[in-house]
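Listed here are the chains, written in short residue letters.
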Amino acid sequence: MKLVLNTASALLVSVALPGAALAQDAWFPYPAEEVTPAFSTDGSVAEVTYEPLAAAEKPWNICVSFPHMKDAYWLGVDYGVVAEAERLGVNLNVVEAGGYTELNTQISQIEDCVASGADAVIVGAISFDGLNNVIGEVAGQGIPVIDVINGVSSSEIAAKSLVSFHTMGFETGKYLAEKHPAGSDPVTVGWFPGPAGAGWVEAANTGFLAAVEGSAVTVLEPRYGDTGKEAQLKLVEDVLQANPEIKYIAGTAVTAEAAQGVIRERGLKGEVDILAFYMTPGVYTGIQRGFITGAPADSMVIQGRIAVDQAVRVLEGKEYFKHVGPKIFVVDQDNVKDVARENILPPEGFSPVFSVKK
């Protein structure tokens, strides 16, 4: 593992197609950020270059638990963990709980993973605190748990592969605050941070609200909801109906994707702009087509890849970054043509894969 401070390395992720070929793709070195002390919410951040292992020493059994597979975001994480498992030569089993309301299902699935012989568990958590007991039980059996994407409060995890959703929310709010500074004409924003209680949602909400404080931006009461398209669509429709003065819809990628159709149908294009605080294929396309203004990119594919590499490193007693994530950057209508899609999203046409066998 190579540590480089203040790196200016280019993003290097090869275009990949589903199947065996993706195991050979060299996605690294990748610009990332390490947090120290690990697992802290206010630690220092240093720029590093992430380089994974060339291969695993043996075909370890790794289980991955996702909140759901309802949107393209988690499809991207799935692509990342599957691609890295194939590249490293390990077995992978992916389960999904069905939504952010299904905490008990996720707990049961994690328990089943361990009962089925998992050597390590990677968890995209439904709840920031709600998985702590099962994580403690799993870790107590000597099975490392890797926290990917969403974040958990447990101190018994082995590693975190994630970015700061506080920063993602902050960058989105900062964009608005810079466009509408104090003293300019006030604007109203409908804000849709995602499912209440999820760690990433609360972090994004705090960051977004902090960034717009003191500006001419007025944020309506946050409207929480599951990241299924139907749930987000209803929230957007309700807020637009009740608040005709809205200038911006800002929130999850699913919110942004759903809002595009509503804005078109109501003839509000140019009057109501859309922002997301993370990237998906739909958001990327929306930015390209001019329907979505912009979004920070957190490279969810790379977060998945890093989590698998971390799991293998822990199992093999090798040096590893305990708390790391890809470097965040903003994609908007000004730079979207200069950003390679394959650096931040799964290949077009990729379908969910739930198992890798070696």
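Note that residues are indexed from 1 along each chain, following the sequence as it is written. Restriction of local features to residues with pLDDT of at least 70 applies here, the model being predicted, together with a cutoff of 80 or more for giving and counting side-chain atom pairs; totals for whole chains, interfaces and linings are based on all residues. In computing side-chain properties, one takes all heavy atoms of the structure into account and sets aside hydrogens as well as water.

K.L.:
I tried to follow the pattern of salt bridges on my own but got confused; where do I start?
P.N.:
Working definition: two side chains of opposite charge can pair if their charged atoms are close together. By salt bridge we mean one thing: a side-chain nitrogen of Lys or Arg within 4 Å of a carboxyl oxygen of Asp or Glu. The final tally for this structure, using the stated rule, is 12 salt bridges. Here Arg87 ties to Glu84 by a salt bridge, and the two come within 2.6 Å at their closest N and O atoms. Residue Arg87 and its partner Glu84 are located together in helix 1 (residues 72-88), separated by 3 residues, close to a single helical turn. With respect to burial, Arg87 and Glu84 carry one shared label: buried. Of the charged contacts in the structure, one is a salt bridge between Glu257 and Lys229, with a shortest N-O distance of 3.3 Å. Taken together, the residues Glu257 in helix 7 (residues 253-265) and Lys229 in helix 6 (residues 229-242) connect sequence positions 28 residues apart. Here the salt bridges share partners, and the residues they tie into one network are Glu33, Glu47 and Lys327. What counts as a helix is a DSSP run of H or I of at least four residues, what counts as a strand is a run of E of at least two, and both are numbered from the N terminus. Relative accessible area decides the class of each residue, using a 1.4 Å probe on protein chains only: under 20% of the type maximum gives buried, over 50% gives exposed, and in between gives partly exposed.

K.L.:
I keep staring at the confidence of the model for the protein chain and nothing clicks. Help me out?
P.N.:
Atom-level detail of predicted coordinates should not be read off regions where pLDDT is low. pLDDT expresses how confident the predictor is about each individual residue, on a scale running from 0 to 100. Residues at a pLDDT of 70 or more form 92% of the protein chain, whose mean pLDDT is 91. Contacts between residues were defined by any pair of non-hydrogen atoms, one from each residue, lying within 4.5 Å. Scored below 50 in pLDDT, residues 1-24 shows 61 contacts in the model against residues more than four places distant or in partner chains.

K.L.:
Mind showing me how you'd approach the state of the cysteines here?
P.N.:
By definition, a disulfide links the sulfur atoms of two cysteine residues through a covalent bond. Two cysteine sulfur atoms make up a disulfide if the distance between them is within 2.5 Å. By the definition in use, this model includes 1 disulfide. Paired through a disulfide, Cys63 and Cys113 show a sulfur-sulfur distance of 1.8 Å. One end of the pair, Cys63, is in strand 3 (residues 61-66); the other, Cys113, is in helix 2 (residues 103-115), and 50 residues separate them in sequence. Here the two residues Cys63 and Cys113 agree in accessibility, since each one is buried.

K.L.:
Explain the side chain of Arg87 to me, please; I cannot follow it from the model alone.
P.N.:
Overall, Arg87 belongs to the buried group, its relative accessible area being 11%. Whenever two N or O atoms come within 3.5 Å, that pair is a polar contact, provided that in protein one can donate a hydrogen and the other can accept it, and provided that, for residues adjacent in sequence, both atoms are side-chain atoms. A polar contact is formed between the side chain of Arg87 and the backbone oxygen of Ala54, at a distance of 3.5 Å.

K.L.:
What should I look at first to understand the nonpolar core in this one?
P.N.:
In globular proteins that are soluble, nonpolar side chains generally tend to be buried together. To qualify as a nonpolar core, a set must consist of buried Ala, Val, Leu, Ile, Met, Phe, Trp, Tyr and Cys residues joined through side-chain atoms within 4.5 Å. Ranked by size, the top nonpolar core spans 88 residues in total, and within it Ile62, Leu92, Phe165, Tyr278, Met279 and Val283 carry the most contacts. Among the elements that line this core, the one with the most residues is helix 1, at 10 residues. Setting aside residues no more than four positions away along its own chain, Ile62 makes contact with Val90, Asn91, Leu92, Asn93, Ala120, Ile122, Val308, Ala311 and Val312. Cys63, Cys113, Ala118 and Val121 belong to the second largest nonpolar core, which has 18 residues in total.

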